[in-house]
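This is what each chain is made of:
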Amino acid sequence: MGVREWFRLKGWNKERTLMAFHRITGWALTLFIVGHVVFVHEVRDGISIWNSLLTVDSSVFGKVLLLGIMMALIFHAINGIRIMLIESGHLLTKPKEQEYPYTTWLTSRRHQIYVMAMGTIGIVLTVYAGVVIFS
Amino acid sequence: MRESTLRLITYGSGIFVLVFVIIHLIVLSVGGLAINVSYNVVINELRNTAYSTVLVMLLLATLIHSGLGVRRALTDSGMSKRSIGIIIGIVTVIFLGIFALGILTVIG
């Protein structure tokens, strides 16, 4: 097992996909927070430096980058809640005797509904973030 | 520290970050993002002790959550303990520097 295993296409399912995206968005957000703190610190160097940095921030590239970060944040937050709900047992199926065809918590109705709701909430929040950033 | 305790800290810091990031984003978006990131508004907000304290706490929780996430990813990657220790050491130094920079930004 290694990093390559996280992105192996064979044998992929919903959980593996969400985990891979959780890792990718986590790394992206970690890099962002480092850059964000360095960026905001420049406000202490005066109005001219701050305004020159804001021109990058208000460019189309800056806005698209910000929207990308918002999408990563929204996904990471909603999927993080999903992971916590799984580990606390709220998204798991009740233990019972297995009968064919076998079902797992991953394909259970409760988990499917959460993933659907997760997608819907994620799209709504992304659209709202886009409106705030581009208006 | 036990693995279960580390996981609890990851989840706790994650919830904390989520709540305070929502507050941070609402403060930034109400009235228009362009106005709220202008020089005078940012300087005034940094002078607000309560808001600045929240921002520093948010940064601390974010760095803890990120650090534990990095550790978890490295552990799952199958690297040797020595390599993981070195990388975590480097990440810790960078994060401490970022936290110090965050405090310097707030106190001016």
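Note that the coordinates shown come from a computational prediction; the quantities given were computed from them, not determined experimentally.

Scored by pLDDT, chain B has a mean of 92; 100% of the residues are at 70 or more. Considering each helix and strand of chain B separately, the mean pLDDT is smallest for helix H2 (residues 33-36) of chain B, with a value of 88, and largest for helix H5 (residues 81-107) of chain B, with 95.

Counting residues in hydrophobic clusters, the biggest one holds 16 residues, and the most contacted among them are Val43(A), Trp50(A) and Leu33(B). Tallying contributions element by element places helix H3 (residues 39-47) of chain B first for this core, with four residues. Leu63(B), Leu74(B), Val91(B) and Phe95(B) belong to the second-largest nonpolar core, a separate cluster that totals ten residues.

The next thing to look at is the interface of chain B and chain A. Between chain B and chain A, the residue contacts involve 35 residues of the former and 32 residues of the latter. Of the roughly 2,600 Å² buried where chain B meets chain A, counting both sides, 74% is carbon and sulfur surface. Its largest share of buried area at the contact with chain A, chain B owes to Tyr11(B), Tyr39(B) and Thr105(B), together 21% of the area lost on that side. Where chain B touches chain A, the interface holds two salt bridges. The partner of Asp76(B) in a salt bridge is Arg23(A), and the shortest N-O contact between them spans 2.6 Å. Viewed at the interface, chain A and chain B are joined by seven residue pairs in polar contact (both at pLDDT 80 or more). The set of elements that each furnish at least two residues to the side of chain B that touches chain A consists of helix H1 (3-29), H3, helix H4 (49-76) and H5 of chain B. In terms of residue count, the dominant contributor to the side of chain B that touches chain A is H4(B) (nine residues).

It is worth spelling out the packing of aromatic side chains at this point. Residues and elements named next belong to chain A. On inspection of all chains with the given rule, the structure shows three aromatic pairs over all chains. With a centroid separation of 6.1 Å and 70° between ring planes, the pair formed by phenylalanine 21 and phenylalanine 75 is classed as edge-to-face. Of this pair, phenylalanine 21 sits in helix H2 (residues 14-41) while phenylalanine 75 sits in helix H4 (residues 60-87), placing them 54 residues apart in sequence. Overall, phenylalanine 21 belongs to the partly exposed group, its relative accessible area being 45%. Aromatic side chains phenylalanine 39 and tryptophan 50 sit 5.7 Å apart centroid to centroid with 70° between the ring planes, which places their arrangement in the edge-to-face category. One end of the pair, phenylalanine 39, is in helix H2; the other, tryptophan 50, is in helix H3 (residues 47-57), with eleven residues separating them in the sequence. According to the relative accessible area criterion, phenylalanine 39 is partly exposed, its value standing at 23%. Accessibility expressed as a relative area gives 4% for tryptophan 50, which makes it buried.

Attention now goes to the environment of Leu53(A). All names here are of chain A. When you line up the elements, leucine 53 lands in helix H3. When the C-alpha positions of leucine 53 and histidine 90 are compared, they lie 45 Å apart, and in sequence the two are 37 residues distant. Residues within four places of leucine 53 in sequence aside, it is in contact with Phe39 and Glu42.

Further remarks concern the UniProt feature "transmembrane region" (unreviewed entry) in chain A. Residues and elements named next belong to chain A. Using the residue numbers shown here, the UniProt feature "transmembrane region" (unreviewed entry) corresponds to residues 20-40, 60-78 and 113-134. Spanning residues 60-78, this segment combines 100% helix with 0% strand, and its end C-alpha atoms are found 27 Å apart. The straight-line gap between the two end C-alpha atoms of residues 113-134 is 31 Å; of that span, 100% is helix and 0% is strand.

Further remarks concern H1(B). With 27 residues, H1(B) should reach 39 Å at 1.5 Å per residue; the first-to-last C-alpha distance of 38 Å fits that figure. Along H1(B), the residues that are buried comprise Leu6(B), Thr10(B), Tyr11(B), Ser13(B), Gly14(B), Val17(B), Phe20(B), Val21(B), His24(B), Leu28(B) and Ser29(B). Residues of H1(B) that are buried sit in contact with H2, H4 and helix H5 (109-134) of chain A together with H2 and H4 of chain B. The first or second residue beyond H1(B) is Gly31(B), which carries a positive phi of 90°.

This part covers the confidence of the model for chain A. Overall, the predicted model of chain A reaches an average pLDDT of 87, with 99% of residues at or above 70. Of all helices and strands in chain A, the one with the weakest mean pLDDT is helix H1 (residues 3-6) of chain A (74), whereas H4(A) scores best (94).

Conventions and cut-offs
- Residues numbered from 1 in each chain as written.
- Chains lettered and ligands numbered in written order.
- Predicted model: local features only at pLDDT ≥ 70, side-chain atom pairs only at ≥ 80, totals over all residues.
- Heavy atoms only, no water.
- pLDDT = per-residue confidence, 0-100.
- Helix = DSSP H or I, 4+ residues; strand = E, 2+ residues; numbered from the N terminus.
- Core = buried A, V, L, I, M, F, W, Y, C linked by side-chain atoms within 4.5 Å.
- Buried < 20%, exposed > 50% of the residue type's maximum accessible area, 1.4 Å probe, protein only.
- Contact = heavy atoms within 4.5 Å.
- Buried area = accessible area lost by both parts, 1.4 Å probe.
- Salt bridge = Lys/Arg side-chain N within 4 Å of Asp/Glu carboxyl O.
- Polar contact = N/O pair within 3.5 Å; in protein donor to acceptor, adjacent residues only side chain to side chain.
- Phe/Tyr/Trp six-rings, centres within 6.5 Å; stacked < 30°, edge-to-face > 60°.
- UniProt positions renumbered as here; feature names shortened; annotations may be inferred.
- Expected span 1.5 Å × (residues − 1).

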